[in-house]
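An overview of the molecular structure
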Amino acid sequence: MRKLALKDEILLQAEKPARYIGNEVNAVMKDKDSVDVRFAMCFPDVYEIGMSHLGIQIIYDMLNQFEDVWCERVYSPWVDLDKIMRRENIPLFALESQDPVKDFDFLGITIQYEMCYTNILQILDLSGIPLLSADRKENDPIVIGGGPCTYNPEPFCDFFDLIYIGEAETRYRELLDLYKEYKAKGWKRRDFLKKAAFLPGIYVPSLYDVAYNEDGTIKERICLEEGIPETVEKELVKDLNNTYYPLKPVVPFIQITQDRVVLEIQRGCIRGCRFCQAGQLYRPVRERSPQLLKHYAMEMLGNTGHEEISLSSLSSSDYTDLPELLSFLIESCAERRINISLPSLRIDAFSLDVMNKVQDVKKSSLTFAPEAGSQRMRNIINKGLTEEVILEGARLAFEGGWTRVKLYFMLGLPMETEEDIQGIAHLCNKIAALYYETVPKEKRTGRVQIVASTSFFIPKPFTPFQWASQNTKEQFLEKAYLTRTSIAGELNQKSIKYNWHEADASVLEGIFARGDRRLNQVILKAYEKGCLYDAWSEYYKNDVWLSAFEECGVDPDFYTVRERADDEIFPWDFLDCGVSKKFLLEEWHKAKIEETTPNCRMQCNGCGAARYGCGVCTERQTMDVTSAREQGGEAL
Amino acid sequence: MKVRIRFSKYGALKFIGHLDVMRYFQKAIRRSGIPIAYSEGFSPHQIMSFAAPLSVGHTSEGEYMDIELADLPKEESYPPKEGAYSPQAGLSESGLRDALQAVMVDGISILDVQFLPAGEKNAMASVAAASYLISFREGTILPSDWQEKLTAFYGQEQIPVIKKTKKGEKQMDLKENIYELELKENGTIYMLLNASSGGNIKPSFVLETFFESIGYELPAFSLMIHRLETYKNAGNQTLTCSANQLIDQTPARSASQLIGEEERRLVPLIWER
């Protein structure tokens, strides 16, 4: 029988021992002596979060299809077990074999959000792997990073030997073959890293240096090895119908955040909202065929036994064959009693009809994401959604029996004025008023419930707003206060509930998002001072972070409040995500004059992603501009 | 039609709690293709009931659940998985057992499947007692004379205890809820305890009470508890031939006692064939 890494007494003390035992349905077991490469794939957060991530399941499935590789999973031990492991010197282990991570060939870490950076250090530390790439020896695993945050890898680049830029499905085979050659020929670790730097999509931070200007901005990047590429281009899957997809995803024993089959219908987004990083990074939008998706759905439901299936994409309503796919799912899931969850659907007659079929109208709420309260602001952010469209969607929803509406907004957007913020309150009030106009008294079951939520805007790399200034904590809080008082001043204020985000963590997220190499020491310092699980508000220690910045002599405001000049060299400029800096700058200038840009199906705007020759860039643009504009509201 | 399933829980799966075992079986039934019946309403759920929850950390070879089968489905619109339940094969106890076993993970095994006669109470309502084998974790230090003292403890006429319940504390006689207690030669302890919904006694409670009575504080996590069997009370009901044989021939797996006016005849929730 498989021996667990942790003794019974320890597991019985842990909050949820099932996080650490592996052995789940569809977990892959192999004989460690019959593989050449052992790969530990890590999501640096607690099991329930990490297990909900589709990307890891894709990589896990792909690597385990390679006969010479065994990929296992690693998640952050929760704070209770973290303490025990440190106290008793228990090394971090992978779930499948329960073997120490330090014995593996690779430790892959996916970096999905900025607030997990100290958790990366926890994983390395508990594994007994030196925190800095420079300190690692021949026998230490190769530590490789991936995921959206690697589009600015500089703040954490000292902790990684390699960073994979882009979609994982394309280059791992070559990288693993190179690794096997390195082992067989007895190369030095650094020689392997040098050779890896020539693989497309692979960034080796230790082979580059950065020179700074006196004002702290970047002067130039320096290649430390002759001939290594100056820019690293992202990897992408050109044909989503011909790649890996996990038909047997691991089924956890305990309830996790995303406890369902996830069907990724497309990658990328045609919309081009100027605040949205994913909308730029994953260009061009590429769809999976509905035939393939139907097959995947049934296979995955059969292999997991999940009672729910969810469509995954940045904007499901833009998927060309959505009606065909949904009618298939509705019919086949009804006979199997499987629920369908439909995130990111625009609210219109079609989606309301679908939602009416798959959920209990009385219990569910509808979600709109106008992102901004005024039309002026929505034009600046290029959110192609008008008030008429929102109100029409809401009217249809109220007629259909819905009484709960959620609205998502951002505060602190570039060029924002008080009127824009007050617009949030006005819009909420109009929607509430519309309910009382639409639904006659005798049919009402009480008050309409409008829930408005605001998050604070954080400029991200590779977006048109990468030049913008981020608000200070004080500005954020003033704006939240103004939103609250504006809502309180509306006629229907009793029907409106308002939630806002915490400001401290948003500031830190902004620092990391556009930070440079000088932040590595700050993250290290904060970790040493006890910061961990920063994404969890109950464990976020703002004062400790502030003192870490101070002790390292790094000014946080340099990364956030400063508006960047058009010609500034950014820390992430050496990466090529397919969208040109020239295009992003044009978009930034258009934002300043409140001019919008049509979406990719309406017309090509020459962002640069067309050079990949796939997806929407190779479709004929047939949609006429006005009908596309009319499609507005959105449900999450 | 109702089906009773006996399963074991061992290895790493002992760390999975009762609610998660229920979720595990809901998903397993879906994977197996067994045509389970669903409740009515907007969010229908599988008709499934478990006998007696097992605490986290315990192992067992006597877990039970009941499921209700739906009418045989029409032709499957999607081909079933290999090894999955096939409606063409018709319904049989061994067919159901194999289909369910095929989708298990290491740590839960399907031991037996039996169709329930009409009118049989469901597993949870039937539970009257459970038997356990308890051993001490390696390295546990115990008083040298604990075995004699345990025999003396169990030999008492009454063992008054205070039991904490959801409503508060209640005074009770522990002795009348311990139906059997036996020291094995290898130092393990066998117990048959009341496990009914009103009077469930945990084996750890018995031993903690004992060690407390001899003034010894048992170190945390020192007990390893294994459930052997879950019983129902056949009472005065006429037993089928096979059950009578069981009582006559295998006393270790059943117990018949006369307490006052009422006869208690404990038989496993699935009768051995």
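Here the structure is a predicted model, which means the values were calculated and not measured.

1. A look at the domain arrangement of chain B
Residue and element names in this part refer to chain B.
- Under the domain assignment, chain B is made up of domain 1 (2-120) and domain 2 (127-268).
- Taken together, the contact between domain 1 and domain 2 spans 14 residues of the former and 11 residues of the latter.
- Counting every contact that joins domain 1 to domain 2 gives 3 salt bridges.
- Note that Arg6 and Glu229 form a salt bridge whose closest N and O atoms lie 3.9 Å from each other.
- Connecting domain 1 to domain 2 are 11 residue pairs in polar contact (both at pLDDT 80 or more).
- Ranked by residues supplied to the side of domain 1 that touches domain 2, first place goes to strand β3 (residues 59-68) with 6 residues.

2. Let's talk about the domain arrangement of chain A
Residue and element names in this part refer to chain A.
- Here chain A is partitioned into domain 1 (8-233) and domain 2 (261-518 + 554-630).
- For domain 1 versus domain 2, the separation of C-alpha centres amounts to 31 Å.
- Between domain 1 and domain 2, the contact holds 34 residues from the first and 35 residues from the second.
- Across the interface of domain 1 and domain 2, roughly 2900 Å² is buried in total on both sides, 58% from carbon and sulfur atoms.
- Considering only the side of domain 1, the residues that lose the most area to domain 2 are Glu114, Tyr151 and Ile218, jointly responsible for 22% of the buried surface there.
- Here domain 1 and domain 2 share 6 salt bridges between them.

3. Considerations on helix α4 (residues 79-87) of chain A
- The complete set of buried residues in α4(A) reads A:Val79, A:Leu81, A:Asp82, A:Ile84 and A:Met85.
- Positioned one or two residues after α4(A), A:Asn89 has a phi angle of 55°, which is positive.

4. Considerations on the environment of A:Glu48
Residue and element names in this part refer to chain A.
- The residue Glu48 is located in helix α2 (residues 47-50) in this model.
- Judged by its relative accessible area of 8%, Glu48 is buried.
- Taking C-alpha positions, Glu48 is 31 Å from Phe476, a pair spaced 428 residues apart along the chain.
- Not counting chain neighbours up to four residues away, the residues in contact with Glu48 comprise Lys16, Arg19, Ile254, Gln255, Ile256 and Thr257.
- One polar contact links Glu48 to Arg19, side chain to side chain, over a distance of 3.0 Å.

5. A few points about the pattern of salt bridges
Residues and elements named next belong to chain A.
- On inspection of all chains with the given rule, the structure shows 74 salt bridges over all chains.
- A salt bridge links Glu15 to Arg19, with the nearest nitrogen and oxygen atoms 3.9 Å apart.
- What makes Glu15 partly exposed here is its relative accessible area of 49%.
- Owing to a relative accessible area of 6%, Arg19 belongs among the buried residues under this scheme.

6. As for the sheet that holds strand β13 (residues 308-312) of chain A
All names here are of chain A.
- On the basis of which strands lie adjacent, the open sheet formed by 3 strands has the order β10-β13-β14 and parallel pairing. The sheet is open, and its two borders are formed by β10 (261-264) and β14 (339-341), each paired with just one other strand. Between one strand and the next, the sheet's axes are offset by a mean angle of 25°, whatever the strand orientation.
- Strand direction decides the pairing type here: β13 and β14, joined by 3 bridges, are parallel. Note on β14: the bridge partner recorded for Glu308 is Asn339.
- Where helix α9 (residues 290-304) meets the sheet, its contacts fall on β10 and β13, and the angle it forms with β10 comes to roughly 165°.

7. Here we look at the packing of aromatic side chains
- Scanning all chains against the criterion turns up 43 aromatic pairs over all chains.
- Seen from their ring centres, A:Tyr151 and A:Phe462 are 6.1 Å apart, and the 85° between their planes marks the pair as edge-to-face. One end of the pair, A:Tyr151, is in the loop between β4 (142-146) and β5 (162-164); the other, A:Phe462, is in the loop between β17 (449-456) and α15 (473-488), with 311 residues separating them in the sequence. Each member of the pair, A:Tyr151 together with A:Phe462, is buried.
- Ring geometry for B:Phe7 and B:Phe25: centres 4.7 Å apart, planes at 55°, overall tilted. Residue B:Phe7 is found in strand β1 (residues 2-9), and its partner B:Phe25 is found in helix α1 (residues 18-32); the two are separated by 18 residues along the sequence.
- Here a set of aromatic residues connected by ring pairs shows up, and it is made of A:Phe39, A:Phe106, A:Tyr164, A:Tyr172, A:Tyr179, A:Tyr182 and A:Phe192.
- Stacked on the ring of A:Trp187, the Lys or Arg A:Lys195 has its end atom at 4.2 Å from the ring centre.
- Positioned above the aromatic ring of A:Tyr612, the side-chain terminus of A:Arg611 is 5.2 Å from the ring centre.

8. Here's the deal with the interface of chain A and chain B
- The partner chain B presents 27 residues to the 35 residues of chain A that form the contact.
- A combined buried area of about 2900 Å² lies between chain A and chain B, and 59% of that area is made up of carbon and sulfur atoms.
- Together, A:Leu12, A:Phe253 and A:Arg337 form the three largest contributors to the area buried by chain A at its contact with chain B, with a combined 22%.
- Along the contact surface separating chain A from chain B lie 6 salt bridges.
- Between B:Lys14 and A:Asp8 there is a salt bridge whose closest N-O contact spans 2.6 Å.
- Across the contact surface, chain A and chain B share 11 residue pairs in polar contact (both at pLDDT 80 or more).
- Elements represented by at least two residues in the side of chain A that touches chain B include exactly α1 (8-13), α9 and α10 (322-336) of chain A.
- With 6 residues, α9(A) is the largest single contributor of residues to the side of chain A that touches chain B.
- Here the side of chain A that touches chain B is built from residues that sort into 14 nonpolar, 10 polar and 11 charged.

9. Re the sheet that holds strand β6 (residues 202-203) of chain A
Residue and element names in this part refer to chain A.
- As summarised here, the arrangement of the 6 strands in space is β2-β1-β3-β4-β5-β6, forming an open sheet in which the pairing is mixed. A strand with exactly one partner marks an edge of an open sheet, and here the two such strands are β2 (69-75) and β6.
- Pairing of strand β1 (residues 37-43) with β2 involves 7 bridges; the strand directions are parallel. Paired with Val37 across the two strands is Val69, which belongs to β2.

10. Some words on the state of the cysteines
Residue and element names in this part refer to chain A.
- According to the stated counting rule, one finds 0 disulfides over all chains in the structure shown.
- There is no disulfide at Cys116, and the cysteine sulfur nearest it, in Cys149, is 6.1 Å away.
- Left unpaired, Cys552 is separated from the closest cysteine sulfur, that of Cys531, by 12 Å.
- Among the residues examined, Cys552 registers a relative accessible area of 18% and is labelled buried.

11. What about empty space enclosed by the protein?
Residues and elements named next belong to chain A.
- As enumerated under the stated definition, the model contains 10 cavities of 30 Å³ or more in all.
- By volume, the largest cavity amounts to about 150 Å³.
- Lining the largest cavity we find 16 residues, and of these Met51, Gln57, Pro249, Arg260 and Val262 sit closest to its centre.
- Contributing elements (two or more residues each) for the lining of the largest cavity: α3 (54-65) and β10.
- Taken together, the residues of the lining of the largest cavity break down into 10 nonpolar, 5 polar and 1 charged.
- Counting contributing residues per domain, the lining of the largest cavity is built from domain 1 (8-233) and domain 2 (261-518 + 554-630), each supplying no fewer than three.

Rules used throughout
Residues numbered from 1 in each chain as written. Chains lettered and ligands numbered in written order. Predicted model: local features only at pLDDT ≥ 70, side-chain atom pairs only at ≥ 80, totals over all residues. Heavy atoms only, no water. Domains from an automatic or database assignment. Contact = heavy atoms within 4.5 Å. Salt bridge = Lys/Arg side-chain N within 4 Å of Asp/Glu carboxyl O. Polar contact = N/O pair within 3.5 Å; in protein donor to acceptor, adjacent residues only side chain to side chain. Helix = DSSP H or I, 4+ residues; strand = E, 2+ residues; numbered from the N terminus. Buried area = accessible area lost by both parts, 1.4 Å probe. Buried < 20%, exposed > 50% of the residue type's maximum accessible area, 1.4 Å probe, protein only. Pairing = 2+ DSSP bridges. Axes fitted to C-alpha atoms, helices over the stretch in contact; angles between N-to-C directions. Phe/Tyr/Trp six-rings, centres within 6.5 Å; stacked < 30°, edge-to-face > 60°. Lys NZ or Arg CZ within 6 Å of the ring centre and 35° of its normal. Nonpolar A, V, L, I, M, F, W, Y, C, P; charged D, E, K, R; others polar. Disulfide = S-S within 2.5 Å. 1 Å grid on protein atoms, 1.4 Å probe; cavity = no way out; pocket = protein on both sides within 12 Å on 5 of 7 lines; lining within 4 Å. Points joined across faces, edges and corners; volume = space filled by probe spheres on them.

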